[in-house]
Amino acid sequence: MSAFIPTLKTGRAHPHPEPLSGSAFSAVELMPGDRTVVMLDQRLLPRQERYETFQRPEQVADAISTMKVRGAPAIGISAAYGLVLAAVFCDGPRDAFLEVMSTTDGMLRRTRPTAVNLAWALDRMHRTVVRIAAEAPRERVTALAAEARAIHVEDKLACKKMGELGAASVRDGSTILTHCNAGALATGGYGTALGVIRAARDAGKKIRVLSAETRPLLQGARLTAWELHKDGIDVQTITDSMVGSFMARGLIDQVIVGADRVARNGDVANKIGTYGVACLAQVHGVPFDVAAPWSTVDLACPDGAGIPIEERSEREVSHVTLGESEVQIMPDAVRAHNPAFDVTPARLIRALYTELGTASPLDAASLARLAPPTR
Ligand SMILES: CSC[C@H]1O[C@H](OP(=O)(O)O)[C@H](O)[C@@H]1O
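Residues numbered from 1 in each chain as written. Predicted model: local features only at pLDDT ≥ 70, side-chain atom pairs only at ≥ 80, totals over all residues. Heavy atoms only, no water.

Overview of the UniProt feature "site: Transition state stabilizer" (unreviewed entry) in the protein chain
Applicable threshold: UniProt positions are given in the numbering used here, feature names are shortened, and annotations may be inferred rather than shown by experiment. Helix and strand assignments come from DSSP, with helices taken as H or I runs of at least 4 residues and strands as E runs of at least 2, each series counted from the N terminus. Here a residue-residue contact requires only that any non-hydrogen atoms of the pair lie within 4.5 Å.
Listed under "site: Transition state stabilizer" (unreviewed entry) in the UniProt record, and renumbered for this structure, are Cys180. In this fold, Cys180 is placed in the loop between strand S4 (175-179) and helix H7 (193-202). Once you skip the residues sitting within four places of it in the chain, Cys180 turns out to touch Arg70, Ala212, Thr214, Gln219, Gly220, Thr224 and Lys271.

Structure representation (structure tokens):
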């Protein structure tokens, strides 16, 4: 069922702090009463802003798998809210509750493999599940909803903090290339790469953004362009194939991208095409920076070779789909590949901005030094 939730447009769907500057909308929210998740269907943007409401965890899992909601932090937050919905329907005793939570956790965890934020959020929710399992059903729901909302708010604030860190690297009057969408749509709000851009704008810097369209699902053309234009930030879109010549002509001063998983040695998994942009940036001496909250850092993963890369349907390549309209662009008999992510080695990255500080992937230990005492 699709429903337009006016309150969500004002960011007042629940007692969140005022939306941080630059994100007057949310990708996903848990409504007051903790029984309904509201989600902006990003597959329809920019032509339609349609919010869907879900009452069941299976619906949230489907929304993550089909990319109604996408972006590493946003899918972690969504999965946390999905667990809350599962608790609403479980009024059994401790063991029955633990069983339901374990089954739901597994369903949500299997939706997408690359973004570590999904597992990170579910692991954090599991610690709350174990702590409250013996409480009454209503208290269990309230505790899980509070933990899920905390994950949401903390991510939004982390994005703002990392954005301010990264903004120091943005030169006034520069042109910044982005890839895919690492904005408020992909996070708890404010964005990671787009958080740096918003913070630079808020610091009074005049910047122009070039959003690479990002085939096959066009998150750059559809989502980043929509999000930045909505915020009044100067954005233009180029095709992925234009990046090299734009760099060769000196039209790009800096690249800032998000991440789905950062390995211990500083290798970064991000949307397919990121590695190619990083190689071009190296050839042309353009600084290549990454912005990601600490929930995207996976210190248990030694390097990029250990990051699982999601393979998605060939149809996402052979057809261009926007909402209900779909156009086939390839011959029936020809197969297509569709790895959704690639890995950029640390040696191609100038800086990694997190809310805990800035790491220089060239200094492999600098990331681990940022780690909080306990994680
Ligand atoms: C701030 S995380 C954004 C990150 O997630 C995107 O992938 P997807 O759209 O498939 O969820 C892309 O890699 C972005 O950089």
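Overview of the site of the ligand
The cut-off we apply is this: Only heavy atoms are used to decide nearness, and a residue is near a molecule or strand if one of them lies within 4 Å of it. Whenever two N or O atoms come within 3.5 Å, that pair is a polar contact, provided that in protein one can donate a hydrogen and the other can accept it, and provided that, for residues adjacent in sequence, both atoms are side-chain atoms. Exposure was quantified through the Shrake-Rupley algorithm and a 1.4 Å probe, taking into account, for residues, occlusion by the shown protein chains and nothing else. Under the grouping applied here, Gly and all other residues not named as nonpolar or charged are polar, the nonpolar ones being Ala, Val, Leu, Ile, Met, Phe, Trp, Tyr, Cys and Pro and the charged ones Asp, Glu, Lys and Arg.
The environment of the ligand is made up of 19 residues, and the closest members are Gly71, Arg112, Asp260, Asn270 and Lys271. Between an oxygen atom of the ligand and a side-chain N or O atom of Arg112, the distance comes to 2.8 Å. In the model, an oxygen atom of the ligand is placed 2.7 Å from a nitrogen or oxygen of the Lys271 side chain. Considering the ligand on its own, with 410 Å² of exposed area, one finds that the protein chains cover 100% of that surface. Of all the elements in the fold, those that place two or more residues in the shell around the ligand are helix H3 (72-88) and strand S9 (268-271). Here the shell around the ligand is composed, by residue class, of eight nonpolar, seven polar and four charged.

Regarding unusual backbone geometry
Across the junction of Leu45 and Pro46, the peptide omega takes the value 5 degrees, indicating a cis bond. With respect to the helices and strands, Pro46 occurs in the loop between strand S2 (37-40) and strand S3 (51-54). Here the amide bond leading from Arg215 into Pro216 is cis, since omega sits at 0 degrees, within 30 degrees of zero. Within the secondary structure, Pro216 is located in the loop between strand S5 (208-212) and helix H8 (219-230). In this structure, Met67 takes a positive phi of about 65 degrees despite not being glycine. By secondary structure assignment, the location of Met67 is in the loop between helix H2 (57-65) and H3. For Leu218, which is not glycine, the phi torsion reads 60 degrees and is therefore positive. Following the sequence through the fold, Leu218 ends up in the loop between S5 and H8.

Re the sheet that holds S4
Short version of the rule: At least two bridges found by DSSP between two strands are what make those strands a pair. Geometry is summarised by axes, namely lines fitted to C-alpha atoms with helices restricted to the contacting stretch, and by angles between N-to-C directions that run from 0 to 180 degrees.
As summarised here, the arrangement of the seven strands in space is S6-S5-S4-S7-S10-S15-S16, forming an open sheet in which the pairing is mixed. Both edges of this open sheet fall to strand S6 (235-238) and strand S16 (357-359), since each of them pairs with a single strand only. Each adjacent strand pair in this sheet contributes to an overall mean axis angle of 25 degrees, direction not counted. Here four bridges tie S5 to S6, and the two strands are oriented parallel to one another. The residue of S6 that forms the bridge with Ala212 is Ile238. Contacts from helix H10 (residues 274-284) reach S4, strand S7 (254-257) and strand S10 (288-291) within the one sheet, and its direction differs from that of S10 by about 145 degrees.

A look at the UniProt feature "binding site: substrate" (unreviewed entry) in the protein chain
The test is simple: To sort residues, take the accessible area from a 1.4 Å probe on protein chains only and compare it with the maximum for the residue type: under 20% means buried, over 50% means exposed, and anything in between is partly exposed.
Feature annotation in UniProt assigns "binding site: substrate" (unreviewed entry) to the following positions: Arg70, Gly71, Ala72, Arg112, Gln219, Asn270 and Lys271. Under the relative-accessibility criterion, Arg112 is labelled buried at 5%. The contacts of Arg112, once residues within four sequence positions are left out, are Ile64, Met67, Arg70, Ile75, Leu118, Lys271, Glu310, Arg312 and Phe341. On the secondary structure map, Asn270 appears in strand S9. With a relative accessible area of 5%, Asn270 lands in the buried category. The residues contacting Asn270, other than those within four sequence positions of it, are Val257, Gly258, Ala259, Asp260, Ala340, Phe341 and Asp342.

Examining the sheet that holds strand S14 (residues 341-344)
Taken in spatial order, the four strands of this open sheet run S11-S8-S9-S14, and their pairing is mixed. The open sheet has two edge strands, strand S11 (297-298) and S14, and neither has a second partner. Sheet strands touched by H10: S9 and S14. Its angle to S14, the strand with the most contacts, is close to 30 degrees.

Focus: H7
Most of H7 is tucked away, with eight of its 10 residues classed as buried. Listed in full, the buried residues belonging to H7 are Ala193, Leu194, Gly195, Val196, Ile197, Arg198, Ala199 and Ala200. Packed against the buried residues of H7 are helix H6 (137-167), S4, S5, H8, S7 and S10. Following H7 by one or two positions, Gly204 has its phi on the positive side, about 90 degrees.

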